[in-house]
Amino acid sequence: MIDTPSLVDQYCHGVLRTELGLGTFEAHLGRGDRPPAPGTTFFDTQTGFAVRRWCPPLLGLEPHCPPARYLARRRELGVMESGRRLLRGSGITTYLVDTGLPGDLTGPREMASAGDADAHEIVRLELLAEQVADTSGTVESFLANLAESVHAAAANAVAFTSVAGVRHGLALAPQPPGPGEVRGAAGRWLAARRVGGPLTDPVLLRHLLWIAVASGRPLQLHAGLGEPGLRLDRTDPVLLTDFARATAGLGTDLILLHGYPYHRHAAHLAGIFPHVYADLGPALARTGARAAAVLAEILELAPFGKLLFSSGAHGLPELHVVGARLFREALGRVLGGWVADGAWSLADAQRVAGMIGSVTADRVYGLSGTGAARGG
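Please read these numbers as outputs of a predicted model, since none were measured by experiment.

1. Examining the overall build of the protein chain
Part 1 of the argument: Along the backbone of the protein chain there are 16 helices and nine strands.
Part 2 of the argument: Here the C-alpha radius of gyration of the protein chain, 20 Å, is about what a compact globule of 376 residues would show, namely 21 Å.
Part 3 of the argument: Counting only C-alpha atoms, the protein chain reaches 60 × 50 × 40 Å along its principal axes.
Part 4 of the argument: Residue burial in the protein chain is summarised as follows: out of 376 residues, 55% are buried.
Part 5 of the argument: Once local pairs closer than 6 in sequence are excluded, the contacts in the protein chain between residues at least 24 apart make up 77%.
Part 6 of the argument: Carbon together with sulfur atoms contributes 55% to the accessible area of the protein chain, which is approximately 15,100 Å² in total.
Part 7 of the argument: In the protein chain, which carries 34 positive and 35 negative side-chain charges, the distance between the mean positions of the two groups comes to 1 Å.

Here it is as C-alpha cells:
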C-alpha cells in the first residue's frame, strides 16, 4: 500500500458558490468554453467517468450512478453541503488557490473552511497588471505602481502564476526587455486598455515575468492544455528552455503547470534545470483510467523530487476529488507495481510518494513558514 497522508494541491481554483444546472456542470467537465456536440455529453469523457466513479459515494450514492441521479442528489444537499462533503472527502490537506479567474468562486479562506484544510493564495500576474492599469493615469505611474504591486503581493502570496502562454505563447524572448521597449509597449497597451484590451503584448508579458523573478517567489508558468482559447502549439514547455537558462541561479523556482500532452517535455526540463519543477495536475485528471500510464511516462525523465501534485480544479469540487483520487490511484499502481517487481523497495516507494504528494511543495513554496487560512 502506497500512502500519501498529506496532499498539497499546488495549483487549483475556487469552487462555484451557486447551484448548477446540467449545462453549467457539463461545461466545467469539458474544461473548455464551448458546449458538447449535439447528441453527446461531457460525462462521456475520462473526466466524466472519473467523476461518476469517485464522487457519488461522498454524497451517499453508489459509484457510477447516472448523471441525472447524481445531480439531483447534489441539488438535494445544496451547494454548500455537497461542496463541503466533496472537498473533505478529497483527502487534500492544503490548497494553493489561483484567485485570478472571473466568476463567483470561493477564495482561499472559504476553501480552507469547506475542506477542513490549509489554504494559500497564488497571484495571477496578468490580472494584477490589468488592475494596476485601470488605476494608473500615465505610463510612468503604471510602471511604478506595477513594480510596487508585485512586491506587495509577494509579501502575502506563496507564488505568482502567469498565463503568458495562453495570452501570447511561450516563445518569448528570454531576456528582460529594455526600459524604452517597456515604456513604448506600456503606452500602446494603456491606450488599448481604455476599451477593455487584455494584456497580450509580449514585451509587457516578459517585463512582468522578470519583475516576478526578481521577487524570489516561485513562478508558475502555464504550459500545454489548461485554459480555453489557447493555441496548443504555442504552449509546449520546451519553448521555455531559453527562459529557464536565463533565470538559472537567480533564486526563483519555475513550476511548469499542466504540461499535458507535452508532459515528457516538462519532465525533461525539470531534469536538466535545478530550479525547474513539473506539475502532474491535468495530465492525470484528463486521462482518467489511463492516468497510471501517463504518470509512468513522467517518472521516466524527471527526478522524483522535482514533481508536484495538483488537481488544476476550477469551479467544481468534483474536480478536486477526481484530481486527488486519480493521483493516488495512479501512484499506487505505478510505484506498487515497481515494488512488486523488485525494482523498488517499499520504503523508497513510500518516500517518493510523500515527496510528490506534499514534501516537495512544502519546500518549494515554504509552506511551513507562511501564514495560511485554516479550516476546521
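2. Re the environment of Val238
Part 1 of the argument: Looking at the element boundaries, Val238 is found in the loop between β5 (219-223) and α11 (241-247).
Part 2 of the argument: With relative accessibility at 38%, the residue Val238 sits in the partly exposed group.
Part 3 of the argument: Sequence separation of Val238 and Leu269 is 31 residues, and the distance between their C-alpha atoms is 7.3 Å.
Part 4 of the argument: Ignoring sequence-local partners within four residues, the contact set of Val238 consists of His265 and Leu269.

3. Side note on helix α3 (residues 67-77)
Part 1 of the argument: For α3, the complete set of buried residues consists of Tyr70, Leu71, Arg73, Arg74 and Leu77. Buried residues in α3, looked at end-on, bunch into an arc of 155°, giving them a common side. When the buried face of α3 is taken as reference, the exposed residues oriented beyond 90 degrees from it are Ala68 and Glu76.
Part 2 of the argument: In this structure, the buried residues of α3 make contact with α1 (22-30), α4 (79-89) and α15 (317-340).
Part 3 of the argument: Once α3 finishes, Gly78 follows within two positions and takes phi at roughly 95°, a positive value.

4. Re the packing of helix α2 (residues 46-54) against α15
Part 1 of the argument: Between α2 and α15, the shortest axis-to-axis distance is 9 Å and the interhelical angle comes to 90°. Classified by the angle their axes make, α2 and α15 are roughly perpendicular. Note on element contacts: α15 touches α2 through Glu318, Leu319, Val321, Val322, Arg325, Leu326 and Glu329, opposite Thr47, Ala50, Val51 and Trp54.
Part 2 of the argument: When its residues are assigned to classes, the contact of α2 with α15 shows seven nonpolar, one polar and three charged.

The rules behind these values
- Residues numbered from 1 in each chain as written.
- Predicted model: local features only at pLDDT ≥ 70, side-chain atom pairs only at ≥ 80, totals over all residues.
- Heavy atoms only, no water.
- Helix = DSSP H or I, 4+ residues; strand = E, 2+ residues; numbered from the N terminus.
- Rg over C-alpha atoms; globule rule 2.2 N^0.38 Å.
- Buried < 20%, exposed > 50% of the residue type's maximum accessible area, 1.4 Å probe, protein only.
- Contact = heavy atoms within 4.5 Å.
- Areas by Shrake-Rupley, 256 points an atom, 1.4 Å probe, with all protein chains shown as cover.
- Lys, Arg positive; Asp, Glu negative; His and termini not counted.
- Charge placed at Lys NZ, Arg CZ, Asp CG, Glu CD.
- Arc of directions from axis to C-beta.
- Axes fitted to C-alpha atoms, helices over the stretch in contact; angles between N-to-C directions.
- Parallel < 35°, antiparallel > 145°, perpendicular 65-115°, else oblique.
- Nonpolar A, V, L, I, M, F, W, Y, C, P; charged D, E, K, R; others polar.

In short, the description is geometric, and any link to function would need to be established separately.
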